[in-house]
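# Per-entry structural report
Residues per chain, in single letters:
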Amino acid sequence: MLNRGTKSKAWNGPKRCPVMVPVMFLVSVLVALLMFFRKNDENPIPVYGLPNQKWNGFESLVQFNPEREFRNGTDLIWQIPDLPKAVLFLAHGCSGRAVNFWDRSSKCPECVGLPEERLLVLHALARKFAVLTISSAGRCWTFGKERLIVEDIIRWWVKRQNLEKLPLVALGASSGGYFVSALANDLKFSSIALMIAEGMFDQMDIIEDYPPTLFVHMPKDVHRQQKITEFMEVLKNKGIDVAEIECMELPLSTTFLSDRIPGLDQTISARLFNLFKEKGFIDENGYMKRDGRMTHWKQALQESKTTFLEKGLAHPVQEELNLAFAYHEMTSLQSEQIFKWFESYMT
Ligand SMILES: *[C@@H]1O[C@H](CO)[C@@H](O)[C@H](O)[C@H]1NC(C)=O
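Residues numbered from 1 in each chain as written. Predicted model: local features only at pLDDT ≥ 70, side-chain atom pairs only at ≥ 80, totals over all residues. Heavy atoms only, no water.

All right, on to the site of the ligand then. Near the ligand the following residues occur: Arg 71, Asn 72, Ile 149 and Asp 152. In this structure, Asn 72 approaches the ligand through a side-chain N or O atom, which is 2.5 Å from an oxygen atom. Here the ligand loses 41% of its free accessible area of 360 Å² to cover by the protein chains. Partitioned by chemical class, the residues of the shell around the ligand number one nonpolar, one polar and two charged. (Near = heavy atom within 4 Å. Polar contact = N/O pair within 3.5 Å; in protein donor to acceptor, adjacent residues only side chain to side chain. Areas by Shrake-Rupley, 256 points an atom, 1.4 Å probe, with all protein chains shown as cover. Nonpolar A, V, L, I, M, F, W, Y, C, P; charged D, E, K, R; others polar.)

Bringing the pairing of strand E5 (residues 168–173) into the picture now. Looking down a regular strand, the side chains alternate between one sheet face and the other. Of all six residues that make up E5, six are buried, and the element is covered over most of its length. Residues Leu 168, Ala 170 and Gly 172 of E5 are buried on one face, and the alternating residues Val 169, Leu 171 and Ala 173, pointing to the opposite face, are buried as well. Pairing of strand E3 (residues 86–91) with E5, which is carried by five bridges, proceeds in the parallel orientation. Paired with Val 87 across the bridge in E5 is Leu 168. Note: E5 against strand E6 (residues 191–195), five bridges, orientation parallel. When the bridges of E6 are listed, Ala 173 appears paired with Met 195. Regarding the hand of the β-α-β motif, the stretch spanning E5, helix H5 (residues 175–183) and E6 is right-handed. (Buried < 20%, exposed > 50% of the residue type's maximum accessible area, 1.4 Å probe, protein only. Helix = DSSP H or I, 4+ residues; strand = E, 2+ residues; numbered from the N terminus. Pairing = 2+ DSSP bridges. Right-handed = clockwise from strand over helix to strand, strands pointing away.)

On to the packing of helix H3 (residues 115–126) against helix H10 (residues 314–325). At their nearest, the axes of H3 and H10 sit 8 Å apart, and the two run at 80 degrees to each other. Regarding the angle of H3 to H10, the classification is roughly perpendicular. Side by side, H3 and H10 meet where Pro 115, Glu 116 and Glu 117 of the first sit next to Pro 316, Glu 319, Glu 320 and Leu 323 of the second. Of the residues contributing to the contact of H3 with H10, the split by class is three nonpolar, no polar and four charged. (Axes fitted to C-alpha atoms, helices over the stretch in contact; angles between N-to-C directions. Parallel < 35°, antiparallel > 145°, perpendicular 65-115°, else oblique. Contact = heavy atoms within 4.5 Å.)

This next bit is on the packing of aromatic side chains. Under the defined criterion, the tally for this structure stands at 14 aromatic pairs. Summarising the aromatic geometry, the rings of Trp 78 and Trp 157 are spaced 5.9 Å apart at their centres and angled 70 degrees between planes, so their arrangement reads as edge-to-face. Of the two residues, Trp 78 is situated in strand E2 (residues 74–79) and Trp 157 in helix H4 (residues 145–160); the sequence distance between them amounts to 79 residues. A residue is classified by how much of its surface remains accessible, and Trp 157, at 0% relative accessible area, is buried. Consider the rings of Phe 129 and Phe 342, whose centres lie 6.3 Å apart with planes at 45 degrees: the pair is tilted. Of this pair, Phe 129 sits in strand E4 (residues 129–134) while Phe 342 sits in helix H11 (residues 335–343); the two residues are 213 residues apart in sequence, bridging distant segments of the chain. Among the aromatic residues, those joined into a ring-pair cluster are Phe 129, Phe 339, Trp 341, Phe 342 and Tyr 345. One residue, Arg 71, lies across the ring of Trp 156, its end atom 3.6 Å from the ring centre. (Phe/Tyr/Trp six-rings, centres within 6.5 Å; stacked < 30°, edge-to-face > 60°. Lys NZ or Arg CZ within 6 Å of the ring centre and 35° of its normal.)

What is shown is where atoms sit, not what they do.
In structure tokens:
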């Protein structure tokens, strides 16, 4: 909210009292600084300029170097940093796979490295969390036998890596969020984060020492927000710590996509932005008018004279458009807050 058209009135102080000039200057610098930090504190939307919000922001800090193994009919991909301080289990949403969390490499040629998933992993590794990802057996997670198998895999893996002494946390998005909320009734997590998911709290007997639960959600999904409010109350009444992070919509810009997607350069990013503007997919401020899945941007791209987007980049672009609309998508933008929250329950 900008105050447009407000004019400052003439102030005749300095003439009478010259010493006031440096004092007033210092005061205004202090006020500006205070406002800056307050704003940063309150604003859940991180500034894009921050290095760790860019796809390559972790280059000097941490590299992908995952291990992979097949077990119980599914695949496990993980990475353990030097001197890990905790273990993070990540659960994808429907249609997700473990390979989405890791960049393609000689060790993992099938890895896909979707923009939000890969940044979540990089944030985790940079903060010395060992990261374990597992693929669901079907399209989405199921809550019968699969739940027991995955619990078994996590226990077995933690033991084999000699990480039993470390705190165990989990983050699940959408279907993975429901899944993690159920796992937390059986496995001992120090805390959990449920992303764009309200959890299964109306379908289970919540154990007494259920872990602190963080809801990372997109309030534009009003129905889900109502359920989250309801379930937060349920948990609170049982003496379980709860918190929430609201993820709001973001404006696109000419560099939004190139900032967040590896292999998508600034020229392509700007061309896509202009195409979206031209087609009326975004409003005058750059906000998506509809969810990325409901926007016929791929069709518009095909109709444009030159199809300039590599095939493999369609999925990442789709994800970022969904993220910008902020209705239902994996997000790494709040990683800093999420990991600080995990860490607050690790002592
Ligand atoms: C998972 O696989 C291991 C090793 O093959 C096996 O010992 C274990 O029984 C399996 N667990 C389940 C639940 O099927």
